[in-house]
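For reference, the chains in residue letters:
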Amino acid sequence: MNTLQLFPNHFKNIGWFIFIPSLILGILSLTDVFDFPDVTLPVFYNSGFPLSNEESGFFKNTEIDFLPNLFGMLIIIGGIMVSFSKEKIEDEYISSLRLKSVFWSLIVTYFIVILLFLTIFGSLFFTAMILIMFLPLVLYAFRFNYLLLKK
């Protein structure tokens, strides 16, 4: 049987430690509960914003919301560690739960994307699409672990 190449089991605990706080802080950063300061950093490419006087091009300095970007990266890192770490007993049943969870998370995500195409327009749609990129990983992590607990 071909087995998936997964991280060792102890990565799961580290992943939860990164994933949950980052998810909470990432959501809070979107709600303006906390006002995170902008940071000026060098970037590889800055496209600038239309109708702004911001300089665009390669290797420019630009002001970014650093902490929301950091939370996004940590959500991805923690989510990957949680989702793709071995269980203590990794058998065919666990593999089938993984597969069911992946399918479920993709179906739910694309159903939500279809709803967004029908209901949201303009710059809010762009923001929603950015947030949607986290959804399959978040849904998979929670669905898979829910099915494991339910077992």
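Each remark here, short or long, concerns the structure printed above.
Just so you know, these numbers come straight off a predicted model, no measurement behind them.

Draft legend 1. Main features of the pattern of salt bridges. Going through the model one piece at a time under the given rule, you end up with two salt bridges. For the salt bridge of E87 with K12, the shortest nitrogen-to-oxygen distance reads 2.2 Å. Taken as a pair, E87 in the loop between α2 (66-83) and α3 (92-119) and K12 in helix α1 (residues 10-30) lie far apart in primary sequence, 75 residues in all. Notably, a salt bridge pairs R98 with E90, separated by 3.1 Å at the nearest N-O pair.

Draft legend 2. Just a negative patch on the surface, in detail. Together, D32, D35, D38, E63 and D65 give the surface a local cluster of negative charge. Within the fold, D35 resides in the loop between α1 and β1 (39-46). Of the residues examined, D35 reaches a relative accessible area of 78% and is grouped as exposed.

Draft legend 3. Structural detail: the packing of aromatic side chains. Taken as a whole and assessed by the stated rule, the structure comprises seven aromatic pairs. With a centroid separation of 5.7 Å and an interplanar angle of 45°, the aromatic rings of F19 and F142 are classed as tilted. Taken together, the residues span a long stretch of sequence, with F19 in helix α1 and F142 in helix α5 (residues 135-150) at a distance of 123 residues. In this structure F142 comes out as partly exposed when scored by relative accessible area, which is 35%. Ring geometry for F84 and Y140: centres 5.7 Å apart, planes at 15°, overall stacked. Placement of F84 in the loop between α2 and α3 and of Y140 in helix α5 is noted, with a sequence separation of 56 residues between them. In this structure F84 comes out as partly exposed when scored by relative accessible area, which is 34%. Here R143 stacks its cationic end above the ring of W104, 4.7 Å away from the centre of that ring.

Cut-offs used in this document
Residues numbered from 1 in each chain as written. Predicted model: local features only at pLDDT ≥ 70, side-chain atom pairs only at ≥ 80, totals over all residues. Heavy atoms only, no water. Salt bridge = Lys/Arg side-chain N within 4 Å of Asp/Glu carboxyl O. Helix = DSSP H or I, 4+ residues; strand = E, 2+ residues; numbered from the N terminus. Patch = residues over 30% accessible without salt bridge, like charges linked within 9 Å, V, L, I, M, F, W, Y side chains within 5 Å. Areas by Shrake-Rupley, 256 points an atom, 1.4 Å probe, with all protein chains shown as cover. Lys, Arg positive; Asp, Glu negative; His and termini not counted. Charge placed at Lys NZ, Arg CZ, Asp CG, Glu CD. Buried < 20%, exposed > 50% of the residue type's maximum accessible area, 1.4 Å probe, protein only. Phe/Tyr/Trp six-rings, centres within 6.5 Å; stacked < 30°, edge-to-face > 60°. Lys NZ or Arg CZ within 6 Å of the ring centre and 35° of its normal.

Nothing here speaks to function; it is all geometry.
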